[in-house]
Amino acid sequence: AGRLADRVCVITGAASGIGRATAERFLREGARVIAADLDGDRLATLEGVVPVTGDVSRDQDARRMITTAVDRFGRLDVLVANAGVIPLLSVTEAEGSDFDRVMAVDGRGMFLTCKYAIEAMLASGGGSIVCTSSISGVAGQARQAVYGPAKFVATGLTKHLAVEWAEHGIRVNAVAPGTIETERVAAARVEPGGPEYLAEVERGHPMGRFGTPEEVASAIVFLASEEASFITGAILPVDGGYLAR
Ligand code: NAD
C-alpha cells in the first residue's frame, strides 16, 4: 500500500533537509528509493534506501544516479531533482566563479538528472519528475543574484520539459518552497547579512513562519503520485502565501 507503492524513485540531495524528508516520506508511501548525494557519510545514515554518492553536476555521476535505478529495479518511475547549494550573495559581492559554481550544481545538475531520467522513463513508458525550485525561482529577492537565476533554471526546465514530453507520458512539475527550516537556514542566521535577510523574508511569508522539510515533502509526494495525473508544467508554491502577495 501507499501512494507510491513499488514506484522506483531517484531523489537527489537526499542526505539532508528537504531531500532527506522526501526520502523518508517516499519510503513510508511504499516507494523504492535511490538516494543520491555528494555526502556519502550522511547518506549512509538513511535507512532503507539504495545510496548513490556523486555530484549531480558531473555527467557520469548524474547518469549513474539514474542507471542505478534501472539496474536494480528495471525501470525509473519518479525523479525528484532536488540537490542544490544556496548562497546568499548580492551581485556586488559575487564573482563570476560563484555564478559558475551555483549554475553547475543547481542548473546543470538539474538539467543532467532530468535528461538521464527522461531517457530512462521513455524506455519504461512514462514517469513523473518533480524539480525543487524556490520562491527565488519565481519572484525577485535581495541577496539572490546568483541563487535566484539558478532556481529560474528549475522553473524553466519544468515548463519546457513538461510541454515536450507530455505526449510520452512524462509529467514534469516543480515545487517552489518558501524559506524552509533546514541546516542551511540555521547557518544563514550567523552569516554576514544573513539575519537581516531572514528577517525580511520572514515578513514576506503571510503565515508568519518558515516551513518545514516535511511540508515540502508532502507536496512532492502529491506531484510525484498518480493523484496528480493531469498536472504537468505546474510550479506549486509551498510558501505560506509568499508568492500570493
Ligand atoms: P540542504 O543543504 O539541507 O540539502 C541539500 C543537499 O544537496 C545536501 O545533502 C548536499 O550534500 C546535497 N548536494 C549539494 N551539492 C550537491 C551536488 N553537487 N551533487 C549532489 N548532491 C549535492 O538544503 P535544502 O534546504 O534541503 O535544499 C534542497 C533544495 O531545496 C535545493 O534545491 C534548494 O535550492 C531548495 N530550496 C530550499 C529552501 C530552503 O529555504 N531551505 C527554499 C527553497 C528551495
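Residue positions within a chain follow its written sequence, with the count starting from 1. Local features in this predicted model are restricted to residues whose pLDDT is 70 or higher, and side-chain atom pairs enter the listing and the counts only when it is 80 or higher, whereas totals over whole chains, interfaces and linings include all residues.

Undergrad: Please give an account of the overall build of the protein chain that cites residues and values.
TA: A tally of regular secondary structure across the protein chain gives 8 helices and 7 strands. For the radius of gyration, the atoms used are the C-alpha atoms, and the globule rule reads 2.2 Å times the number of residues raised to 0.38. Here the C-alpha radius of gyration of the protein chain, 17 Å, is about what a compact globule of 245 residues would show, namely 18 Å. With respect to the principal axes defined by its C-alpha atoms, the protein chain has extents near 50 × 35 × 35 Å. Contacts in the protein chain between residues at least 24 apart in sequence constitute 73% of all its contacts with a sequence separation of at least 6. In this text, helices come from DSSP runs of H or I with a minimum length of four residues, and strands from runs of E with a minimum of two, each type numbered from the N-terminal end. Contacts are defined on C-beta atoms placed from the backbone: any two residues whose C-beta positions lie within 7 Å are in contact.

Undergrad: An account of the site of the ligand is requested, with residue identities and associated values reported.
TA: In the vicinity of the ligand there are 29 residues, among which Gly 13, Ser 16, Gly 17, Gly 84 and Ser 134 approach most closely. The set of elements that each furnish at least two residues to the shell around the ligand consists of α1 (17-28), α4 (96-123) and α6 (183-188). For this scheme, ten residues count as nonpolar: Ala, Val, Leu, Ile, Met, Phe, Trp, Tyr, Cys and Pro. Four count as charged, namely Asp, Glu, Lys and Arg, and the remainder, Gly too, count as polar. When its residues are assigned to classes, the shell around the ligand shows 11 nonpolar, 13 polar and 5 charged. We count a residue as near a molecule or strand when its backbone-placed C-beta atom lies within 6 Å of that partner.

Undergrad: A description of the nonpolar core should follow, citing residues and the corresponding values.
TA: With 68 residues, the main nonpolar core has Cys 9, Val 10, Ile 11, Ile 34, Ala 35, Ala 117 and Ile 220 as its most contacted residues. Here this core takes 9 residues from α4, the largest share from any one element. The residues touching Ala 117, leaving out its near neighbours within four places in the chain, are Val 10, Ile 66, Leu 76, Leu 79 and Ile 129. Nonpolar cores are identified as sets of buried Ala, Val, Leu, Ile, Met, Phe, Trp, Tyr and Cys residues joined via C-beta atoms within 7 Å. As a rule, residues whose C-beta atom has 12 or fewer other C-beta atoms within 10 Å are exposed, those with 20 or more are buried, and those in between are partly exposed; C-beta atoms are placed from the backbone.

Undergrad: So what's going on with helix α3 (residues 59-73)? Which residues, and what values?
TA: Helical periodicity: at 3.6 residues per turn, an α-helix aligns residues three or four positions apart in one direction. Multiplying 1.5 Å by the residue count of a helix minus one yields the expected span of that helix. Taking 1.5 Å as the rise per residue, α3 with 15 residues should run 21 Å; its terminal C-alpha atoms sit 22 Å apart, in good agreement. At Ile 66, α3 is deflected by roughly 25 degrees, the largest bend along its length. Listed as buried for α3 are Ala 62, Met 65, Ile 66 and Ala 69. Of the residues trailing α3, Gly 74 is marked for its positive phi of about 85 degrees. In this analysis the local bend is the angle between axes fitted, respectively, to the seven residues ending at and the seven residues starting at the residue.

Undergrad: Residues and numbers for the environment of Lys 115, please.
TA: For Lys 115, the location among the structural elements is in helix α4. Put simply, Lys 115 and Ala 142 are 27 residues apart on the chain and 31 Å apart in space, counted from C-alpha to C-alpha.

Undergrad: Give me the lowdown on the pairing of strand β6 (residues 170-177), citing residues and values where you can.
TA: Among the 8 residues that make up β6, 8 are buried, leaving the element largely enclosed by the rest of the structure. Residues Ile 170, Val 172, Ala 174 and Ala 176 of β6 are buried on one face, and the alternating residues Arg 171, Asn 173, Val 175 and Pro 177, pointing to the opposite face, are buried as well. The pairing of strand β5 (residues 127-132) with β6 spans 6 bridges and is classified as parallel. Directly across from Ile 129, in β6, lies its bridge partner Val 172. Note on handedness: a crossover is taken as right-handed if, strands pointing away from the viewer, the path from the first strand over the helix to the second is clockwise. This β-α-β element, β5 to helix α5 (residues 147-165) to β6, shows right-handed connectivity. Two strands form a pair only when DSSP identifies at least two bridges running between them.

Undergrad: Please set out the confidence of the model for the protein chain residue by residue, giving values where relevant.
TA: Where the model shows low pLDDT, its predicted coordinates should not be examined in detail. Every residue gets a pLDDT, meaning the predictor's confidence in that residue, from 0 to 100. Residues at a pLDDT of 70 or more form 100% of the protein chain, whose mean pLDDT is 97. Across the interfaces of the predicted complex, the ipTM metric reaches 0.99, alongside a pTM of 0.98.

Undergrad: Let's hear about the packing of α3 against α4: which residues, and what values?
TA: In contact at an axis separation of 9 Å, α3 and α4 are set at 35 degrees when each is read in the N-to-C sense. Pair α3 / α4 crosses with right-handed handedness. Along the contact surface, α3 presents Asp 59, Ala 62, Arg 63, Met 65, Ile 66 and Val 70, while α4 presents Gly 109, Leu 112, Thr 113, Tyr 116, Ala 117 and Ala 120. Residue composition of the contact of α3 with α4, by class: 8 nonpolar, 2 polar and 2 charged. Here the axes come from fitting lines to C-alpha atoms, over the contacting stretch only for helices, and the angles between their N-to-C directions go from 0 to 180 degrees. Less than a right angle of anticlockwise turn of the near helix away from the far helix marks a crossing as left-handed, whereas a clockwise turn marks it as right-handed.

Undergrad: Account for the pairing of strand β2 (residues 32-37), naming residues and giving values.
TA: Counting buried positions along β2 gives 6 out of 6 residues, so the element sits mostly inside the fold. Neither face of β2 is exposed, since Arg 32, Ile 34 and Ala 36 on one face and Val 33, Ala 35 and Asp 37 on the opposite face are all buried. One ladder, built from 5 bridges, connects strand β1 (residues 8-12) with β2; its direction is parallel. Within β2, the residue paired with Thr 12 across the bridge is Ala 36. Between the parallel elements β1 and β2, the chain passes through α1 in a crossover that is right-handed.

Undergrad: Describe the sheet that holds β2, and please don't skip the residues or the numbers.
TA: Across the sheet, 7 strands lie side by side as β3-β2-β1-β4-β5-β6-β7; this open sheet has parallel pairing. The open sheet has two edge strands, β3 (50-53) and β7 (235-238), and neither has a second partner. On average, adjacent strands in this sheet sit at an angle of 20 degrees to one another, irrespective of strand direction. Across the sheet, α3 touches β1, β2 and β3, and the angle it forms with β1 is around 160 degrees. Where α5 meets the sheet, it contacts β5, β6 and β7, and its direction lies at approximately 160 degrees from that of β6.

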